[in-house]
Amino acid sequence: MKRRIHFGLVLVSWLVSYFSSCAAFYLPGLAPVSFCENGKGTEDCQTRITLFVNRLDSVESVLPYEYDVFDFCKDAKEMRPSENLGQVLFGERIESSPYEVNFKQDVACQVVCTKNYKKGNQEDATKLDFLKMGMQLNYQHHWIIDNMPVTWCYDVEDGQKYCNPGFPIGCLVTADGRAKDACVINSLFNKKNTFYVFNHVDIKITYHSGVGEEWTGARLVAATLEPKSIKQKDDKTLNCEGSDPMEVPGTFDSDVSIVYTYSVTFEENNSIKWASRWDYILVSMPHTNIQWFSIMNSLVIVLFLSGMVAMIMLRTLHKDIARYNQVDQEDAQEESGWKQVHGDVFRPPRKGMLLSVFLGQGTQIFIMTFITLFLACLGFLSPANRGALMTCSVVLWVLLGTPAGYVSARLYKTFGGEKWKTNVLLTALLCPGIVFADFFLMNLILWVEGSSAAIPFGTLVAILALWFGISVPLTFVGAYFGFKKAAIEQPVRTNQIPRQIPEQSFFTKPIPGIVMGGILPFGCIFIQLFFILNSIWSHQMYYMFGFLFLVFIILLITCSEATILLCYFHLCAEDYHWWWRSFLTSGFTAVYLFVYAVHYFFSKLQIVGAASTILYFGYTMIMVLIFFLFTGTIGFFACFWFVNKIYSVVKVD
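Thresholds applied
- Residues numbered from 1 in each chain as written.
- Predicted model: local features only at pLDDT ≥ 70, side-chain atom pairs only at ≥ 80, totals over all residues.
- Heavy atoms only, no water.
- Helix = DSSP H or I, 4+ residues; strand = E, 2+ residues; numbered from the N terminus.
- Buried < 20%, exposed > 50% of the residue type's maximum accessible area, 1.4 Å probe, protein only.
- Contact = heavy atoms within 4.5 Å.
- Areas by Shrake-Rupley, 256 points an atom, 1.4 Å probe, with all protein chains shown as cover.
- Lys, Arg positive; Asp, Glu negative; His and termini not counted.
- Charge placed at Lys NZ, Arg CZ, Asp CG, Glu CD.
- Axes fitted to C-alpha atoms, helices over the stretch in contact; angles between N-to-C directions.
- Parallel < 35°, antiparallel > 145°, perpendicular 65-115°, else oblique.
- Left-handed = near helix turned anticlockwise from the far one by under 90°.
- Nonpolar A, V, L, I, M, F, W, Y, C, P; charged D, E, K, R; others polar.
- Phe/Tyr/Trp six-rings, centres within 6.5 Å; stacked < 30°, edge-to-face > 60°.
- Pairing = 2+ DSSP bridges.
- Core = buried A, V, L, I, M, F, W, Y, C linked by side-chain atoms within 4.5 Å.
- Salt bridge = Lys/Arg side-chain N within 4 Å of Asp/Glu carboxyl O.
- Disulfide = S-S within 2.5 Å.

Thoughts on the overall build of the protein chain
Here comes step 1: Per the secondary structure count, the protein chain includes 17 helices and 19 strands.
Here comes step 2: Counting only C-alpha atoms, the protein chain reaches 105 × 75 × 50 Å along its principal axes.
Here comes step 3: Within the span of the protein chain, comprising 653 residues, buried residues form 50% of the whole.
Here comes step 4: Here the contacts in the protein chain between residues at least 6 apart in sequence split such that 79% fall between residues at least 24 apart.
Here comes step 5: When the accessible area of the protein chain is evaluated, it comes to approximately 31,500 Å², of which 62% is carbon and sulfur surface.
Here comes step 6: Where the 50 positive side-chain charges of the protein chain centre and where its 54 negative ones centre are 8 Å apart.

Digging into the packing of helix 16 (residues 589-603) against helix 17 (residues 610-648)
Here comes step 1: Where helix 16 meets helix 17, the closest approach of the two axes is 8 Å, and the angle between their N-to-C directions is 155 degrees. By the angle class used here, helix 16 and helix 17 are roughly antiparallel. Along this stretch, helix 16 crosses helix 17, giving a crossing that reads as right-handed. Where helix 16 abuts helix 17, its residues T589, A590, L593, F594, A597, V598, Y600 and F601 lie against T613, Y616, F617, T620, M621, V624, F627, F628 and T631.
Here comes step 2: Tallied by class, residues from the contact of helix 16 with helix 17 come to 13 nonpolar, four polar and no charged.

Observations concerning the packing of aromatic side chains
Here comes step 1: Counted by the stated rule, this structure contains 63 aromatic pairs.
Here comes step 2: Between F358 and F628, the aromatic rings sit 6.2 Å apart at their centres with planes inclined by 85 degrees, giving edge-to-face as the arrangement. Placement of the pair is F358 in helix 7 (residues 352-377) and F628 in helix 17, with a sequence separation of 270 residues.
Here comes step 3: The interplanar angle of 20 degrees and the centroid separation of 6.1 Å between the aromatic rings of W578 and F636 together place this pair among those described as stacked. Taken together, the residues span a long stretch of sequence, with W578 in the loop between helix 14 (545-572) and helix 15 (579-587) and F636 in helix 17 at a distance of 58 residues. You'll find W578 and F636 in the same group, each marked buried.
Here comes step 4: Cluster of aromatic residues (ring-pair linked, three or more members): F346, F415, W578, W579, F636, F637, F640 and Y647.

Some thoughts on the pairing of strand 15 (residues 194-197)
One face of the sheet, then the other: side chains in a regular strand alternate in exactly this way.
Here comes step 1: Of the two faces of strand 15, the one carrying T194 and Y196 and the one carrying F195 and V197 are both buried.
Here comes step 2: One ladder, built from four bridges, connects strand 14 (residues 170-173) with strand 15; its direction is antiparallel. Within strand 15, the residue paired with G170 across the bridge is V197.

Comments concerning unusual backbone geometry
Here comes step 1: Its identity is not glycine, yet D181 carries a phi of approximately 50 degrees, on the positive side.
Here comes step 2: Looking at the element boundaries, D181 is found in the loop between strand 14 and strand 15.
Here comes step 3: Positive phi values are uncommon outside glycine, yet N193 reaches one of about 50 degrees.
Here comes step 4: Locating N193 in the fold gives a position in the loop between strand 14 and strand 15.
Here comes step 5: Among the residues examined, N193 registers a relative accessible area of 35% and is labelled partly exposed.

Topic: the nonpolar core
Here comes step 1: Among the nonpolar cores identified, the biggest contains 163 residues, and L131, W143, W338, W578, F636, V643 and Y647 are the most heavily contacted of them.
Here comes step 2: Residue contributions to this core peak at 19 residues, all from helix 17.
Here comes step 3: Sequence-distant contacts of W578, defined by excluding residues within four places in its chain, comprise V345, F346, C567, F636, C639, F640 and V643.

Overview of the pattern of salt bridges
Here comes step 1: Applying the stated criterion across every chain, the model contains 13 salt bridges.
Here comes step 2: Of the charged contacts, one joins D202 and K228 as a salt bridge, the two residues approaching to 2.8 Å between their closest N and O atoms. With D202 in strand 16 (residues 200-208) and K228 in strand 17 (residues 219-228), this residue pair connects regions lying 26 residues apart in the sequence.
Here comes step 3: The partly exposed category is assigned to K228, whose relative accessible area is 24%.
Here comes step 4: Sharing partners across several salt bridges, the network here consists of E66, D68, E78, R80 and E95.

Notes on the sheet that holds strand 15
Here comes step 1: Pairing is antiparallel across the open sheet formed by three strands, whose spatial order is 14-15-18. Two strands bound the open sheet, and with one partner strand each, they are strand 14 and strand 18 (247-249). The sheet shows a mean angle of 25 degrees between the axes of neighbouring strands, direction not considered.
Here comes step 2: The sheet contact formed by strand 15 and strand 18 spans three bridges and is antiparallel. In the strand pairing of strand 18, Y196 is matched with E247.
Here comes step 3: Contacting strand 14, strand 15 and strand 18, helix 3 (residues 122-136) runs over the sheet at an angle of about 85 degrees to strand 15.

Here we look at the sheet that holds strand 7 (residues 107-117)
Here comes step 1: With respect to topology, four strands assemble into an open sheet ordered 7-19-16-17, the strand pairing being mixed. Here the strands that pair on one side only, and so sit at the sheet edges, are strand 7 and strand 17. Within this sheet the neighbouring strands show an average axis-to-axis angle of 20 degrees, counted without direction.
Here comes step 2: Against the sheet, helix 3 engages strand 7 and strand 19 (256-268), with an angle of about 125 degrees to strand 7.

A word on the state of the cysteines
Here comes step 1: Scanning the model with the defined rule gives five disulfides in all.
Here comes step 2: Across the disulfide from C109 sits C240; the S-S distance is 1.8 Å. Measuring the twist about the S-S bond at about 75 degrees, one finds the C109-C240 disulfide to be right-handed. One end of the pair, C109, is in strand 7; the other, C240, is in the loop between strand 17 and strand 18, with 131 residues separating them in the sequence.
Here comes step 3: The side chain of C171 participates in a disulfide bridge whose partner is C183; the two sulfur atoms lie 2.0 Å from each other. Residues C171 and C183 are joined through a disulfide that is right-handed, its torsion about the S-S bond being 90 degrees. With C171 in strand 14 and C183 in the loop between strand 14 and strand 15, this residue pair connects regions lying 12 residues apart in the sequence.
Here comes step 4: Judged by relative accessible area, C183 falls into the buried class, the value being 1%.
Here comes step 5: In the protein chain, the bonded cysteines, taken in the order they occur along the sequence, pair up as 1-2, 3-5, 4-10, 6-7, 8-9.

Describing the packing of helix 7 against helix 15
Two measures define how a pair of helices packs: the angle their axes make with one another and the distance between the axes.
Here comes step 1: The geometry of helix 7 relative to helix 15 is characterised by a closest axis approach of 11 Å and an angle of 40 degrees between their N-to-C directions. Our classification of the angle between helix 7 and helix 15 gives oblique. For the element pair helix 7 and helix 15, the recorded crossing hand is left-handed. Residues L354, L355, F358 and L359 of helix 7 form the contact with helix 15, whose own contacting residues are W579, W580 and F583.
Here comes step 2: Considering only residue class, the contact of helix 7 with helix 15 consists of seven nonpolar, no polar and no charged.

What about the side chain of R219?
Here comes step 1: Assignment of secondary structure puts R219 in strand 17.
Here comes step 2: Classification of R219 by relative accessible area gives buried; the value is 15%.
Here comes step 3: Residues in contact with R219, not counting those within four places in the same chain, are P32, V33, S34, Y207, H208 and W274.

Geometric descriptors of this kind do not, in isolation, establish any biological role.
This is the structure:
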């Protein structure tokens, strides 16, 4: 008894230390940092506030670019904080900036640098053209202070305030006099075929003084800025209140000089707690009432499906089973219904190898998604923890090779397969290989375009090492245990001669059933899908993981119930080819996802350029494949459980 208690204590202490180490791993840089005035700094209290710059991105292009690619002011002592795998995969490139900020030291109209572009100089013309391209496509800066985005807050309709975690390089008034993007904010931006550079920023940093609190020093709770376009005569006589905007003509026919300046002010606000300092950004994001509408819409679908499934289970099936168990064998021969196909219902499917491989991969994706969303709900993968969501997903996928190998091998053995080596290799390499090939082609395009989202060669080698060094061996381990176990025992024997399938009506034919099967699961997720696509392609923050987890559970139920319903109707029509159909019925949701992604591209995005279009659809295909395997696996196992259950309770002579 003592040994058992001791073992329990050891296990509990190990779990506590493991999860605390996980918290340490998943929450880097989230500890509060205190700031003090000059001369009062200590090890625990910094005086200098480092302003970091991140990659620039645009809603009109999928290609993000590093800050250094544009001809902005550079930091002479450039620092780059270490980035995790998720940040590298998402193309984040954080570096220090030349903007110097010291705590509680206001700065008024300080020069950062001056950029001169000489007419006739080819290098200067190239730099200025790239800057103009950035303004034309509305590329946005992303600055970071104390791990918080520096936001540009402005009023929108209905008196609402929107806080954008980025601000534009500048804007363009077209040759026909149309003010594009941010040019609408100022009536002075009115000259045709002219670019206006936002070369001055007014930064306002809000802090909690820490008076009466347990910590020493102050903590930053907000950082906002207002970009301005101000023409300076030179960097000696500065006027940051000037009304003349900094114009860059559309045609480079004279010298251009851009003076970059900034101002900093500090404001004390003890009503904002450090823990809730992101709230002012998140409150201005898409509102939660739409999310509740989405959840209610999904719940109505679930209740409708659950009602139908319950009716079939409790009434129809109960009557069927009672009737089948009471009638004589002679009467049964004249009966029609799902009992008639008992000798064929567990006949192994065609292409059983491929189905088992898909199901193994689908199981791996399902467990990965569940754990990732669960951790995100607990707050481990918040927007403040940059790149954590992607890092967590990749690491989990790599470590979950064992369940994939086990499920694939066990089902392949149940289907009567004997080529176990081919099965293991396909499970480990087929779907990840397709994803990696697509990803590699997209990366080549990014590399050719000089985008910061291009994955460095070293990272690609690291991903391959994770795949072949950890995931593949773990898949082999899972497959070993799967093949060692006995095949799944079926409740009824399979006849030697296949039964002829009667003529089917239109709705019980395979393709109409599969097409109908994906509609209801897609109906549950399409509103949530809009917000997810917005966060990926429109660079909005996604933080509503509680809603997403709820939608995930609803999707799980809907896929299961829709597949069970259609499976029952097909078996009643004496069509026993249910293996592949159950997988494809719920898997067809992925086709609707692709159709929605195409609709989203043409109706919501303003993406221009062939490279961006290819990248959008290339990455969408990866999402569609992963979703296809995920939903197909849910439908298959729900149907597998249902068929086993109904044939185990009916008497078969």
